[in-house]
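Residue strings, one per chain:
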Amino acid sequence: RRRQCGGMRNSLAAICAAHEEWGRLTGRYHAPLIERYRMDDADFAILTIGSMTGAAKDAVDEARAGGERVGLVKVKTFRPFPAAAVADALRGIRAFGVVDRSVDFAWNCGPLYRETLTALHGASPGVPSLSFIGGLAGADLTVEHFARVIATTGQLPDAGSMPGPVWLNAEA
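Parameters at a glance
Residues numbered from 1 in each chain as written. Predicted model: local features only at pLDDT ≥ 70, side-chain atom pairs only at ≥ 80, totals over all residues. Heavy atoms only, no water. Helix = DSSP H or I, 4+ residues; strand = E, 2+ residues; numbered from the N terminus. Rg over C-alpha atoms; globule rule 2.2 N^0.38 Å. Buried < 20%, exposed > 50% of the residue type's maximum accessible area, 1.4 Å probe, protein only. Contact = heavy atoms within 4.5 Å. Lys, Arg positive; Asp, Glu negative; His and termini not counted. Salt bridge = Lys/Arg side-chain N within 4 Å of Asp/Glu carboxyl O. Polar contact = N/O pair within 3.5 Å; in protein donor to acceptor, adjacent residues only side chain to side chain. Core = buried A, V, L, I, M, F, W, Y, C linked by side-chain atoms within 4.5 Å. Pairing = 2+ DSSP bridges. Axes fitted to C-alpha atoms, helices over the stretch in contact; angles between N-to-C directions. Expected span 1.5 Å × (residues − 1). Right-handed = clockwise from strand over helix to strand, strands pointing away.

(A) Molecular detail of the overall build of the protein chain. Secondary structure assignment for the protein chain yields five helices and six strands. Starting at the N terminus and walking to the C terminus, you meet the elements of the protein chain as α-β-β-α-β-α-β-α-β-α-β. The C-alpha atoms of the protein chain give a radius of gyration of 17 Å, which matches the 16 Å a tight globule of 172 residues would have. With the C-alpha coordinates of the protein chain rotated into their principal frame, the extents come out at 55 × 40 × 35 Å. Evaluated residue by residue, the protein chain yields a buried proportion of 43% over its 172 residues. Put simply, 73% of the contacts in the protein chain that link residues at least 6 apart link residues at least 24 apart.

(B) Up close: the side chain of Asp-100. Within the secondary structure layout, Asp-100 lies in strand 4 (residues 95-100). With no salt bridge to any partner, buried Asp-100 finds its closest opposite charge in Arg-114, at an N-O distance of 7.8 Å. At 3.2 Å, the side chain of Asp-100 forms a polar contact with the backbone nitrogen of Tyr-113. Dropping the residues within four chain positions of it, Asp-100 is found in contact with Met-52, Gly-110, Pro-111, Leu-112, Tyr-113, Phe-132, Ile-133 and Gly-134.

(C) A look at the nonpolar core. With 23 residues, the main nonpolar core has Ile-46, Val-60, Val-99, Phe-132, Phe-146, Ile-150 and Leu-168 as its most contacted residues. Listing elements by their share of this core, those giving two or more residues are strand 2 (44-49), helix 2 (53-65), strand 3 (70-75), strand 4, strand 5 (129-133) and helix 5 (143-159). Discounting chain neighbours no more than four positions away, the residues touching Ile-150 are Phe-44, Ile-46, Ala-59, Val-60, Ala-63 and Val-70. Ala-45, Phe-81, Val-98 and Cys-109 belong to the second largest nonpolar core, which has 20 residues in total.

(D) Main features of the sheet that holds strand 4. Ordered by their spatial adjacency, six strands build an open sheet running 1-3-2-4-5-6, and the pairing between neighbours is mixed. The open sheet has two edge strands with one neighbour each: strand 1 (34-37) and strand 6 (166-167). As paired elements, strand 4 and strand 5 share five bridges and run parallel to each other. If you follow Phe-96 over to strand 5, its bridge partner there is Ser-129. Helix 2 rests against strand 1, strand 2 and strand 3 of the sheet, and its axis sits at about 165° to strand 3.

(E) Here's a closer look at helix 1 (residues 11-26). The terminal C-alpha atoms of helix 1 lie 22 Å apart, and with 16 residues this matches the ideal 22 Å at 1.5 Å per residue to within 8%. Taken from the residues just after helix 1, Gly-27 is the one with a positive phi, measuring 80°.

(F) Quick look at the pairing of strand 2. Within strand 2, five of the six residues are buried, which leaves it mostly tucked inside the rest of the structure. As paired elements, strand 2 and strand 3 share six bridges and run parallel to each other. Across the sheet, residue Thr-48 finds its bridge partner in strand 3, namely Lys-74. Each parallel crossover has a hand, and for strand 2 linked through helix 2 to strand 3 it is right-handed. Here strand 2 pairs with strand 4 via four bridges, running parallel. Looking at strand 4, one finds that Ala-45 is bridged to Phe-96.

Take a look at the structure:
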């Protein structure tokens, strides 16, 4: 019987090591757990996961061109959740919004939002946040949707956390 190497406990370290080895072999290095985009001087941030991130980055670029200090954190590894990396990426921001393509009705938010709140528990008390849900049943999440996410999240430092979630593809 093969000895286990620590199970989930060591998974994040193993994922990072595999990415590092891939980089050495190919010369191409990619962030293994999260990707930070334009976060260096961001006042607020949006979090994404998966293929929606392309449209989100375009919306961040447009908002930056308009003077908004917004950044993006893409979660690349969901299980085990990279709580320390997410908490570090969001350190010092004034608000954040999380976009999910699924909903956890027991919590009235998306699973990425729930995991992010758990990661920040005790690390960033009082940071206003909001859950956004869209792209259900294959619906598109567009740059316009992310512009709405950015505009709403940018208001959070003054308004505080708003009741949520915000349904992005819902008919108005």
